[in-house]
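Structural characterization, general
In case you want the letters, here they are:
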Amino acid sequence: MKALLPVLLVLFPVLANAADINCKGKVTWVMDYPQQCNGNTAFRTSGSNGKWICPPSDKGNAIVLAALAAGKSIEVYIDDKNGSISCSSLPDYVSARYIIINP
């Protein structure tokens, strides 16, 4: 079981939905705005073009805060809405599908 975890962590981004965009980067801002993010925090990355992103869960909140505290980059996968949005044209308070912290 322990050997399976590293394999899944490597394959997970490869198996991600092709319609997701990755607005990765370092976390630059974190804000508590539960009305906009279903009770979660909002955050910006260096790759989100100044737009706020909502983590998908409480665990996503923890990943964002850990990345901010450690100065690590994160991978932030967002539904591209059938090609209608990109990292440079994100709406504010878009929900992430999942977040990965880089080692």
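First things first, this report covers the structure right here in the doc. Sequence order as written defines the numbering, with residues in each chain counted from 1. Per-residue local features of the predicted model are confined to residues with pLDDT of at least 70, and side-chain atom pairs are confined, for both listing and counting, to 80 or more; whole-chain, interface and lining totals are unaffected and use all residues. Side-chain calculation: all heavy atoms of the structure are included, whereas hydrogens and water are not.

With that settled, consider the environment of Ile53. Here Ile53 shows up in strand 4 (residues 53-54). Type-normalised accessible area, obtained with a 1.4 Å probe on protein chains alone, sets the label of each residue: buried when under 20%, exposed when over 50%, and partly exposed for intermediate values. Residue Ile53 is classed as buried on the basis of its relative accessible area, which comes to 0%. Linking Ile53 and Leu90, residues 37 residues apart in sequence, is a C-alpha distance of 8.9 Å. Whether two residues touch is decided by their heavy atoms; if any such pair falls within 4.5 Å, the residues are in contact. Those residues in contact with Ile53 that lie beyond four places of it in its chain are Thr41, Ala42, Phe43, Ser48, Val76, Ile78, Leu90, Val94 and Ala96. Only DSSP runs of H or I covering at least 4 residues are called helices, and only runs of E covering at least 2 are called strands; the numbering of each starts at the N terminus.

Here the focus is the nonpolar core. By nonpolar core is meant a set of buried Ala, Val, Leu, Ile, Met, Phe, Trp, Tyr and Cys residues that side-chain atoms within 4.5 Å join together. Within the largest apolar cluster, 16 residues are counted, with the highest numbers of intra-cluster contacts made by Ile21, Phe43, Ile53, Ile74, Val76, Ile78 and Leu90. Ranked by residue count, the leading element in this core is strand 5 (residues 73-79), at 3 residues. Other than its neighbours up to four places away in sequence, Phe43 contacts Val27, Trp29, Val30, Lys51, Trp52, Ile53, Cys54, Pro55, Val64, Ile74, Val76 and Ile99.

Okay, the state of the cysteines next. Disulfides are defined as pairs of cysteine sulfur atoms found within 2.5 Å of each other. Within this structure, the stated rule accounts for 2 disulfides. Disulfide pairing is shown between Cys23 and Cys87; the S-S distance is 2.1 Å. Taking the torsion about the S-S bond as the criterion, the Cys23 to Cys87 disulfide, at about -105°, is left-handed. Taken as a pair, Cys23 in the loop between strand 1 (20-22) and strand 2 (25-32) and Cys87 in the loop between strand 5 and strand 6 (94-95) lie far apart in primary sequence, 64 residues in all. Residues Cys23 and Cys87 agree in their burial class; the two are buried.

This brings us to helix 2 (residues 58-70). For a helix, the expected span equals 1.5 Å multiplied by the number of residues minus one. For helix 2, which comprises 13 residues, the first-to-last C-alpha distance of 18 Å matches the rise-based estimate of 18 Å (1.5 Å per residue) to within 8%. When we look at burial in helix 2, the residues that qualify are Gly60, Asn61, Val64 and Ala67. Along helix 2, the residues classed as buried sweep out an arc of 130° about the axis, all on the same side. Exposed side chains of helix 2 directed beyond 90 degrees from the buried face belong to Asp58, Lys59, Ala69 and Ala70. Residues of helix 2 that are buried sit in contact with strand 2, strand 3 (41-45), strand 5 and strand 7 (98-101). We call two N or O atoms a polar contact when they sit within 3.5 Å, provided that within protein one can donate a hydrogen and the other can accept it, with sequence-adjacent residues counted only if both atoms are side-chain atoms. One side-chain oxygen at the N-terminal end of helix 2 lies 3.3 Å from the backbone nitrogen of Lys59; it belongs to Ser57. Looking one or two residues beyond helix 2, the residue adopting positive phi is Gly71, at roughly 70°. The directions considered for the arc run from the helix axis to the C-beta atoms.

That is the geometry; function is a separate question.
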